[in-house]
Amino acid sequence: MTVSNRQMANAIRALSMDAVQKAKSGHPGMPMGMADVATTLFTEHLNYNPADSHWPDRDRFVLSAGHGSMLIYSLLYLTGYADMTLDQLKTFRQLGAKTAGHPEFGHASGIETTTGPLGQGIANAVGMALAEKLLATRYGDDLVDHYTYALAGDGCLMEGICQEAISLAGHLQLSKLIVLWDDNGISIDGPVELAESGDQIKRFEAAGWHTLSVDGHHHGAVSEAMRKAKNSDRPTLLACKTTIGYGAPNKQGTAATHGAPLGDEEIAAARDYLEWPHAPFEIPEDILSAWRDAGRRGQATQEAWQTRLESAAQKEQFTQDMSGALPASFAEAMNVYRKHLAEEQPTLATRQASQKALEVINGSVLNTIGGSADLTGSNNTNTSQTAPITPEDFSGRFVHYGVREHGMAAAMNGIALHGGLIPYSGTFFVFTDYCRPAIRMAALMKQRVIHVMTHDSIGLGEDGPTHQPIEHLASLRAMPNLLVFRPADAMETAECWQLALECEDKPSILALTRQGLAAVRTEYSSENLCARGAYEIAAADGDAQVTVFASGSEVNIALEARDVLQADGIGTRVVSMPCWELFDQQAADYQESILGDTPVRISVEAGSTFGWEKYLQGRGTAIGIESFGVSAPYKDAYAHFGLTPDAVADAARKWL
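Residues numbered from 1 in each chain as written. Predicted model: local features only at pLDDT ≥ 70, side-chain atom pairs only at ≥ 80, totals over all residues. Heavy atoms only, no water.

A. Structural view of the side chain of glutamate 132. Inspection of the secondary structure puts glutamate 132 in helix H6 (residues 120–139). Of note is the side chain of glutamate 132, whose polar atom sits 3.3 Å from the side chain of lysine 176. (Helix = DSSP H or I, 4+ residues; strand = E, 2+ residues; numbered from the N terminus. Polar contact = N/O pair within 3.5 Å; in protein donor to acceptor, adjacent residues only side chain to side chain.)

Structure (structure tokens):
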């Protein structure tokens, strides 16, 4: 007998309600409500191959409403992804299972991004669609021609990041982006109208999107709408009117199905309602076979694509870009540049030094994609190679993200996840507060995303405390799997940029100054000294009694304090600490050699002192700022907070 679409969808419903019930936690409502839409997508429209989840030209599916994770887990099992077994579904939300409470990138094949914080997935999808368009422009649609689908709920659409993302996508006319909105009218608290009375259709239309509305439980209508969406010259919102918890006769359409197990009694009623007499986690062979056939649909498409790749003139470059590997010429280009810096010894703000390093980087690494949140002239993230990307021309390498820091950071995650491109962009360091949720997701997903954060301290001066970062270094250093670089001059800036690019499994922050800094590294070294996170930049003359630790702009202050102390006969060494995270990874003997055995240790940094004690270890004091900043010329601000060579020297004398 022919298996119907409804029977295939009911398999998703059954697995979802059974897994949530067994786990005693989870969200069955969305998977049950969107099962028909997902079935139509995965059986008729989505190009994918469970046998090769990394096929570069596959369509991307993003479950932005990540709380409904049993939807994607059910689909991965049913379509034949080898690592998503029935046992994984039975251990939903349990320690060590691939089936985490929210989908996690890297835990299982077929999960394109980690979702759960609502709205992030939509913005990731915008980045993926942008990456597709950029790579299609470079390599042609013989190699790059795919769609990005994002399944979003009411919560995703309410989050502010959603507006940033859809506005950018509409502006750039990312026509291969399709958002499937689960328009079920229910949130955890109850009806959506408790908190929302806007017209989402008009909102998306105002942002330049194509919109369609459809009965989300009518397979034919959904499929026809998807065909129309794929033929649009704009991104499409497909509003799928659904019933949350469809199939649970006493709870469907209510918040009771949103975030809790249905209960044994309701599940039994649902089995009767759906005409699904099978035991928990049991999928009849004919239905499973129909799903596995759907999963094999993409094999021939991939084989045809592979044939085109083999004969493509750009095969080698395309393959390298998709691998994430840097070109062989990159390391030598940076080596030559560092020799140049040793000769020139320029006095530059590190934001300017970053731009000069990027000029070298972008000339060697041709798949970098830069950008800025409407601060290009301040962040200095553009170079001679980075023509702007526009709705009419995607041959450029620079995204004008506008004042959309959160959307920018999440879109960069999508670009990185897509593969083939290395994203970086800039804003002011204080606005990491706007970017932080997306930075955290990049760290969780181990993605190479580089954030150029300029105006990194009170050194920005007159803009005052609203723009002067204080707690930001400490808070970002507290985040796992994130590299926070704060270089002291042009040489360290070049070295930190190289390290950020060479690290494929972590995002990076480059905290850069507005004010000019004299060169502190005046000799060439074939070794990247920043690679160890900290190093002795100036040894003591005579017996060392004091060690001064500093990062960024305060390394100059530390060196001047050393001169003051040495003049008094107090042997003082200075350690530059551009990256705590890398230093903490070093062998114990190296750490001990850098921390040293002087009786006094002083740190100086224009920010919160939180965290420095692990290096001072009770032998001295941390000089920093424990209040908000001030509006003043930067030299006056430094003096006001005691961030001066004399203050550092006085603190050392006191501790001696």
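B. View of the sheet that holds strand S1 (residues 60–63). Overall, parallel pairing links the five strands, which are arranged S1-S2-S3-S7-S6 in an open sheet. One side of each edge strand has no neighbouring strand; the edge strands of this open sheet are S1 and strand S6 (210–215). The mean angle between the axes of side-by-side strands here comes to 20 degrees, regardless of whether they run parallel or antiparallel. Sheet topology places S1 next to strand S2 (residues 148–152); four bridges connect them, and they run parallel. Along S2, the bridge assignment pairs phenylalanine 61 with tyrosine 149. (Pairing = 2+ DSSP bridges. Axes fitted to C-alpha atoms, helices over the stretch in contact; angles between N-to-C directions.)

C. A look at the sheet that holds strand S8 (residues 368–372). Judged by pairing direction, the sheet is parallel, and its six strands sit side by side in the order S9-S8-S10-S11-S13-S12 without closing on themselves. The strands lining the two open edges of the sheet, one partner per strand, are strand S9 (398–400) and strand S12 (483–485). On average, each strand axis in the sheet is inclined to that of its neighbour by 20 degrees, with strand direction left out of account. Bridge count between strand S10 (residues 422–428) and strand S11 (residues 450–454): five bridges; the pairing is parallel. Counterpart to threonine 427 in the pairing with S11 is methionine 453. Relative to the sheet, helix H21 (residues 490–502) contacts S10, S11, S12 and strand S13 (508–511), its axis offset from that of S11 by approximately 150 degrees. (Contact = heavy atoms within 4.5 Å.)

D. Representation of unusual backbone geometry in the model. Its identity as a non-glycine residue notwithstanding, lysine 24 has a phi of 65 degrees, on the positive side. Within the secondary structure, lysine 24 sits in the loop between helix H1 (5–23) and helix H2 (29–33). With phi around 60 degrees, asparagine 481 is a residue other than glycine that occupies positive phi space. Mapping asparagine 481 onto the fold places it in the loop between helix H20 (472–477) and S12.

E. Just the packing of aromatic side chains, in detail. Applying the stated criterion to the full structure yields 17 aromatic pairs. Ring geometry for phenylalanine 42 and phenylalanine 61: centres 5.3 Å apart, planes at 85 degrees, overall edge-to-face. You can see phenylalanine 42 sitting in helix H3 (residues 35–45) and its partner phenylalanine 61 sitting in strand S1, a full 19 residues away along the chain. By the burial criterion, phenylalanine 42 is buried, and phenylalanine 61 matches it. Relative to tyrosine 638, the ring of tyrosine 634 lies with its centre 6.3 Å away and its plane at 85 degrees, an arrangement referred to as edge-to-face. With tyrosine 634 and tyrosine 638 both in helix H26 (residues 634–640), this residue pair falls four residues apart, about one helical turn. A relative accessible area of 28% places tyrosine 634 in the partly exposed class. These aromatic residues form a ring-pair network of at least three members: Trp580, Phe583, Tyr590, Trp612 and Tyr615. Cation over ring: arginine 292 sits above tyrosine 77, and NZ or CZ is 5.2 Å from the ring centre. The residue whose ring lies beneath arginine 532 is tyrosine 590, and the NZ or CZ to ring-centre distance is 4.4 Å. (Phe/Tyr/Trp six-rings, centres within 6.5 Å; stacked < 30°, edge-to-face > 60°. Buried < 20%, exposed > 50% of the residue type's maximum accessible area, 1.4 Å probe, protein only. Lys NZ or Arg CZ within 6 Å of the ring centre and 35° of its normal.)

F. Structural view of the pattern of salt bridges. All told, the structure shown has 24 salt bridges when counted by the stated rule. In this structure, the salt-bridge partner of aspartate 18 is arginine 271, at a minimum N-O distance of 2.8 Å. Of this pair, aspartate 18 sits in helix H1 while arginine 271 is found in helix H11 (residues 264–273), placing the two residues 253 residues apart along the sequence. Under the relative-accessibility criterion, aspartate 18 is labelled buried at 5%. (Salt bridge = Lys/Arg side-chain N within 4 Å of Asp/Glu carboxyl O.)

G. Main features of the nonpolar core. Ranked by internal contacts, the top residues of the largest apolar core, which has 131 residues, are Phe61, Tyr73, Leu78, Leu174, Trp209, Ile283 and Trp291. Among the elements that make up this core, the one with the highest residue count is H6 (twelve residues). By size, the runner-up hydrophobic cluster in this structure holds 76 residues, among which are Tyr337, Tyr535, Ala550 and Ala651. (Core = buried A, V, L, I, M, F, W, Y, C linked by side-chain atoms within 4.5 Å.)

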